Amino acid sequence: MIIVTFLTCSCKRDFVFSLQNYKYYSKCMYRHIVLFKIREDILPETKEEVMNTFRQDILALKSVIPCLKDVMVSFNINTAEQWDICLDSTFGRFEDIAVYSGHPAHVAAAGKLKPYLSGRACTDFEI
């Protein structure tokens, strides 16, 4: 006789329940997306160097901050739009975003970019 127990995912997402090993796997993840605008008075060659350095620094965080599941840094190719950089990162728990944000390696990477910024927008959400 097989008894099936219905489980409710705390994050209201789909789940997989394996009858073979009776394990419950949550598929909840959290996205942290940040848009950056480089100041207009920055020379194009400096802007390119700053953006590339930021990308390298952020991508290197994946091997330094364990809770950072995935990260991507992209540059806007649409000159009609205002944002220059998009940072898109994924975390297993919402609390991990704060861990990542406060990590010294992240603070250092963000600190290098900050003097060149005229704007920043951020959103965090469940996927």
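What counts, and where the lines are drawn
- Residues numbered from 1 in each chain as written.
- Predicted model: local features only at pLDDT ≥ 70, side-chain atom pairs only at ≥ 80, totals over all residues.
- Heavy atoms only, no water.
- Phe/Tyr/Trp six-rings, centres within 6.5 Å; stacked < 30°, edge-to-face > 60°.
- Helix = DSSP H or I, 4+ residues; strand = E, 2+ residues; numbered from the N terminus.
- Buried < 20%, exposed > 50% of the residue type's maximum accessible area, 1.4 Å probe, protein only.
- Lys NZ or Arg CZ within 6 Å of the ring centre and 35° of its normal.

An account of the packing of aromatic side chains is needed here, citing residue identities and associated values.
Under the definition given, this model contains three aromatic pairs. Measuring from ring centre to ring centre gives 6.0 Å for Y30 and F94, while their planes differ by 65°; the resulting arrangement is edge-to-face. Of this pair, Y30 sits in strand 3 (residues 30-38) while F94 is found in the loop between strand 5 (85-91) and helix 2 (95-102), placing the two residues 64 residues apart along the sequence. Ring centres 5.2 Å apart and planes at 75° place the aromatic pair F36 and F54 in the edge-to-face group. Linking F36 in strand 3 with F54 in helix 1 (residues 44-60), this pair joins segments that are 18 residues apart in sequence. Taking relative accessible area as the criterion, F36 reaches 7% and is therefore assigned buried. For F54, a relative accessible area of 4% translates into the label buried. Here the guanidinium or amino end of R55 rests over the ring plane of F75, the centre of that ring lying 3.9 Å away.

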